[in-house]
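Residues per chain, in single letters:
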Amino acid sequence: MHALITGSAGFIGHALSRRLLAQGHRVTGFDAMSDYYDVELKRARHRNLAQYSCFTAVEARLETPGAVRDVMEAAKPDIVFHLAAQAGVRYSLVNPQAYVDANLVGVANILEAVRAHPVRHLMLASTSSAYGGNTSLPFRETDRAVTPLTLYAASKIAGEAMAHSYAHLFSVPTTAFRFFTVYGPWGRPDMALFLFTRKILSGEPIEVFGEGAAERDFTYIDDLVDAIVRLSDHPPPLPSEGGPVSDADTLSNVAPYRLVNIGGGRPVRLDAMIGALEAALGREALRILKPLPPGDVIRTHASTALLDALIGKVPETPLEVGIPAFVEWYRSYYPDA
């Protein structure tokens, strides 16, 4: 298989690229190396992937006219994993234009590139933030997602809708998947686990939003990648060629399109996550309790019924295993911390 992976220097894109390369597949990695967080960490991820002879790196921006199409034409991939995006809930309050460029214009360019150069499966990353103000738990893919709390969430919902329209108009087999709080080695520096680790090791206090009562459906990176790879073997069928796999299925009745949660279905309180991190670090955190900031939700909880029906497996690594693995990586990458 030859895969095009956008966001290959990102946290999830790097992990997925490494998994596919280790399995003997070819990967073309597309990344803008944006400065939203430490660019050196992104370049280190690409250097890690460059150890494989079947990896080709392309540095370009999604929103640049023709950039994705040119890569598609040259690489001729069998499958596209579109993971690149402007991420971050709170940053969307500071720099909304970045979300319009990467998450709206960028998705449109991906769809046009796939239209010009068809693939057997387009896999599109979305987010649990799409559930927004929904209060019914667990979050089910069949729930209406019409109450986004941030432009980030709104841009990802828009990307899902845009992809459905192309699946319908041009018969592009498309799976959109919503992530739930992914963590692990090579993680993102703007996320809580990374931030807390740095501050605890340096003796700084950590800000605990929601006063520790907020709950997140944490998903370990290896579990997430495993689910993505397994789902890649299940492109949604055309309406005339197949039907739903279960009552939980989101398979469109007018397009080869499906929306899937990827989460463990086991929410954990933030203060419990901090406790597991303290145990892994062997240090206690100095905590400053704060209310939830604008755009954050009090809890996330994935329904895993559809994921289980499709691949027979859901993320299962507990925090007590995943957090020590992250800490081990962090201390090796930042030996002076």
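Shown above is the structure to which this text applies.
Here goes a summary of the coordinates provided.

What counts, and at which threshold
- Residues numbered from 1 in each chain as written.
- Predicted model: local features only at pLDDT ≥ 70, side-chain atom pairs only at ≥ 80, totals over all residues.
- Heavy atoms only, no water.
- Helix = DSSP H or I, 4+ residues; strand = E, 2+ residues; numbered from the N terminus.
- Expected span 1.5 Å × (residues − 1).
- Buried < 20%, exposed > 50% of the residue type's maximum accessible area, 1.4 Å probe, protein only.
- Contact = heavy atoms within 4.5 Å.
- Axes fitted to C-alpha atoms, helices over the stretch in contact; angles between N-to-C directions.
- Parallel < 35°, antiparallel > 145°, perpendicular 65-115°, else oblique.
- Left-handed = near helix turned anticlockwise from the far one by under 90°.
- Arc of directions from axis to C-beta.
- Core = buried A, V, L, I, M, F, W, Y, C linked by side-chain atoms within 4.5 Å.
- Pairing = 2+ DSSP bridges.
- Phe/Tyr/Trp six-rings, centres within 6.5 Å; stacked < 30°, edge-to-face > 60°.
- Salt bridge = Lys/Arg side-chain N within 4 Å of Asp/Glu carboxyl O.

Remarks on helix α8 (residues 270-281)
And step 1. Across its 12 residues, α8 extends 16 Å between first and last C-alpha, which sits within 8% of the 16 Å expected from 1.5 Å per residue.
And step 2. Every buried residue of α8 is listed here: L270, M273, I274, A276, L277, E278 and L281.
And step 3. Structurally, α8 contributes buried residues whose contacts are with α6 (192-202), β8 (206-209), β12 (268-269), β13 (287-290) and α10 (319-333).
And step 4. Backbone geometry just after α8 places G282 at a positive phi near 75°.

Let's talk about the packing of α8 against α10
And step 1. The contact between α8 and α10 brings their axes to 9 Å, and the two run at 50°. By the angle between their directions, the pair α8 and α10 is classed as oblique. Taken as a pair, α8 and α10 cross one another with a handedness that is right-handed. Between α8 and α10, the residues in contact are M273, A276, L277, A280 and L281 and L319, I323, P324, V327 and R331, respectively.

Topic: α6
And step 1. For α6, every residue scored as buried is listed here: L193, F194, F196, T197, I200 and L201. Projected down its long axis, α6 shows its buried positions confined to an angular sector of 165°, all on one face.
And step 2. Looking at the buried positions of α6, the neighbouring elements they touch are β7 (182-183), β8, α8 and α10.

Some thoughts on the nonpolar core
And step 1. Within the largest apolar cluster, 59 residues are counted, with the highest numbers of intra-cluster contacts made by F179 and I228.
And step 2. It is helix α7 (residues 221-232) that contributes the most residues to this core, 7 residues altogether.
And step 3. Ignoring any residue separated from it by four or fewer positions in sequence, one finds I228 in contact with I12, L16, F81, M123, F177, F179 and I262.
And step 4. Among the nonpolar cores identified, the runner-up in size contains 26 residues, and L4, A60, V80 and V107 belong to it.

Concerning the pairing of strand β5 (residues 121-127)
And step 1. With 7 of 7 residues buried, β5 is to be regarded as a mostly interior element.
And step 2. Neither face of β5 is left uncovered, since the one carrying H121, M123, A125 and T127 and the one carrying L122, L124 and S126 both have all their residues buried.
And step 3. When strand β4 (residues 79-82) meets β5, the two strands line up parallel, connected through 4 bridges. The residue of β5 that forms the bridge with F81 is M123.

Quick look at the packing of aromatic side chains
And step 1. One pass over the full model with this rule turns up 23 aromatic pairs.
And step 2. Taken together, a centroid distance of 6.1 Å and an interplanar angle of 65° make the contact between Y36 and Y37 edge-to-face.
And step 3. Exposure remark for Y36: the relative accessible area of 23% places this residue in the partly exposed category.
And step 4. Their ring planes at 40° and their centres at 5.3 Å tell us that F177 and F179 sit as a pair that is tilted.
And step 5. Under the relative-accessibility criterion, F177 is labelled buried at 0%.

Quick look at the pattern of salt bridges
And step 1. Per the stated rule, a full pass over the model turns up 17 salt bridges.
And step 2. For the salt bridge of D226 with K313, the shortest nitrogen-to-oxygen distance reads 3.7 Å. On the criterion of sequence distance, the pair formed by D226 in helix α7 and K313 in the loop between α9 (305-311) and α10 is long-range, its members being 87 residues apart.
And step 3. Judged by relative accessible area, which is 18%, D226 ranks as buried.
And step 4. According to the relative accessible area criterion, K313 is partly exposed, its value standing at 25%.
And step 5. One salt bridge connects R269 with D271, and the closest N-O pair in it is separated by 2.8 Å.

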